[in-house]
Amino acid sequence: MKEQEFKERWSTLHGGADTEGVVGRWLSISYQAARVCVALRISPNVLTLLGLGTAIAMGLSTYAAIALLLLVISLFFDGIDGSVAILRGTESKWGEVLDSLSDRISEAFWLYMGWRLGIPAWVVITMWTIASTQEYARARLASLGHREIGVVTPTERPVRAIFMAFALLFYIFDIPGTLILSYAFLALLTFSFLKVMKVASQVLR
């Protein structure tokens with residue numbers, strides 16, 4: 001499968017999401033990494049579980065620098081499992097469910113680490129609730145046959161990981177402002193959720 005075909009298939013599976021800009025650059029990287037995994041006969045579900053395992057290890061880590069490294073590794077595994085499935089032509093409903101569940105659990109451990117870094121519990125719980133509800137709304141709409149919910153928000157999963165990375169970096173280098181960063185990101189998450197719900201309401205009319 002050529003890279004352009006891969007991107008078109010990815011877009012179709014993600015409700016017609018745009019594959020230009022930052023998303024397109026990531027997809028190019030993911031495509032190349034997935035080709036290696038296909039050659040090594042590594043299955044998408046194995047990659048999903050590796051991503052979940054490293055996310056759990058990240059949340060439980062006692063060293064912020066190691067947690068940051070584990071976060072990056074977790075994102076790598078999580079980012080290419082679907083790409084491997086596309087290249088192998090083995091996309092499945094079970095794989096989608098496993099990936100979705102792993103994502104929600106992984107983000108819970110990300111934010112658990114955030115709480116350990118000093119972010120108030122109510123902030124991390126609200127962040128997880130908003131992000132999870134947004135993703136559930138997309139999944140629910142897809143289950144109803146509305147595959148065109150391809151709106152890209154400012155706080156998609158990779159951006160949520162970047163927020164967590166900054167929180168870890170602030171802690172590692174003793175930079176003040178983690179709480180302000182958290183409040184700002186919480187506001188952005190709320191905006192993203194409302195954006196998805198607005199598009200959903202338009203589709204369902």
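All of these numbers come straight from a predicted model, not from anything done at the bench. (Residues numbered from 1 in each chain as written. Predicted model: local features only at pLDDT ≥ 70, side-chain atom pairs only at ≥ 80, totals over all residues. Heavy atoms only, no water.)

(A) How the structure looks around the overall build of the protein chain. In terms of regular secondary structure, the protein chain is built from eight helices and zero strands. Seen in sequence order, the protein chain has helices and strands lined up from the N terminus as α-α-α-α-α-α-α-α. Projected onto the principal axes, the alpha-carbon positions of the protein chain cover approximately 45 × 45 × 30 Å. Out of the 205 residues belonging to the protein chain, those deemed buried represent 41%. Nonlocal contacts in the protein chain, meaning residues at least 24 apart in sequence, comprise 77% of its contacts between residues at least 6 apart. Carbon and sulfur atoms make up 68% of the accessible area of the protein chain, which amounts to about 11000 Å² in all. Charged side chains in the protein chain number 18 positive and 16 negative. The centres of these two groups are separated by 2 Å. (Helix = DSSP H or I, 4+ residues; strand = E, 2+ residues; numbered from the N terminus. Buried < 20%, exposed > 50% of the residue type's maximum accessible area, 1.4 Å probe, protein only. Contact = heavy atoms within 4.5 Å. Areas by Shrake-Rupley, 256 points an atom, 1.4 Å probe, with all protein chains shown as cover. Lys, Arg positive; Asp, Glu negative; His and termini not counted. Charge placed at Lys NZ, Arg CZ, Asp CG, Glu CD.)

(B) Structural detail: helix H7 (residues 157–172). Taking 1.5 Å per residue, 16 residues should reach 22 Å; H7 reaches 23 Å between its end C-alpha atoms and fits that length. Every buried residue of H7 is listed here: Arg157, Arg160, Ala161, Phe163, Met164, Ala165, Ala167, Leu168 and Phe170. Here the buried face of H7 lies against helix H3 (44–60), helix H4 (64–88), helix H5 (93–116), helix H6 (121–143) and helix H8 (178–204). Looking at the residues trailing H7, positive phi occurs at Asp174, about 55°. (Expected span 1.5 Å × (residues − 1).)

(C) Fine view of H3. With 17 residues, H3 ought to run about 24 Å at 1.5 Å a step, and its terminal C-alpha atoms sit 25 Å apart, in line with that. Turning to H3, its buried residues are Pro44, Leu47, Thr48, Gly51, Leu52, Thr54, Ala55, Met58 and Gly59. Structurally, H3 contributes buried residues whose contacts are with helix H2 (21–39), H4, H5 and H7.

(D) Region of interest: the environment of Ala137. Counting through the fold element by element, Ala137 comes out in helix H6. On the basis of relative accessible area, Ala137 is assigned to the buried category, the value being 13%. Sequence-wise, Ala137 and Ala200 are 63 residues apart; in three dimensions their C-alpha atoms are separated by 8.3 Å.

(E) Here's a closer look at the packing of aromatic side chains. Inspection of the entire model under this criterion finds six aromatic pairs. On the numbers, 5.4 Å between centres and 45° between planes, the contact of Phe6 with Tyr31 is tilted. With Phe6 in helix H1 (residues 3–13) and Tyr31 in helix H2, this residue pair connects regions lying 25 residues apart in the sequence. With relative accessibility at 6%, the residue Tyr31 sits in the buried group. (Phe/Tyr/Trp six-rings, centres within 6.5 Å; stacked < 30°, edge-to-face > 60°.)

(F) Examining a nonpolar patch on the surface more closely. Taken together, the side chains of Trp94, Val97, Leu101 and Ile105 make up a nonpolar region of the molecular surface, amounting to roughly 400 Å² of accessible area. For Val97, a relative accessible area of 41% translates into the label partly exposed. (Patch = residues over 30% accessible without salt bridge, like charges linked within 9 Å, V, L, I, M, F, W, Y side chains within 5 Å. Salt bridge = Lys/Arg side-chain N within 4 Å of Asp/Glu carboxyl O.)

(G) Summary view of the packing of H3 against H5. One way to put it is that H3 packs onto H5 with a least axis distance of 8 Å and a crossing angle of 15°. Looking at the two axes, H3 sits roughly parallel to H5. In the packing of H3 onto H5, the handedness of the crossing is left-handed. When H3 is examined against H5, the residues Asn45, Thr48, Leu49, Gly51, Leu52, Ala55, Ile56, Met58, Gly59 and Leu60 are found in contact with a partner set consisting of Trp94, Gly95, Leu98, Asp99, Ser102, Ile105, Ser106, Phe109, Trp110, Tyr112, Met113 and Arg116. (Axes fitted to C-alpha atoms, helices over the stretch in contact; angles between N-to-C directions. Parallel < 35°, antiparallel > 145°, perpendicular 65-115°, else oblique. Left-handed = near helix turned anticlockwise from the far one by under 90°.)

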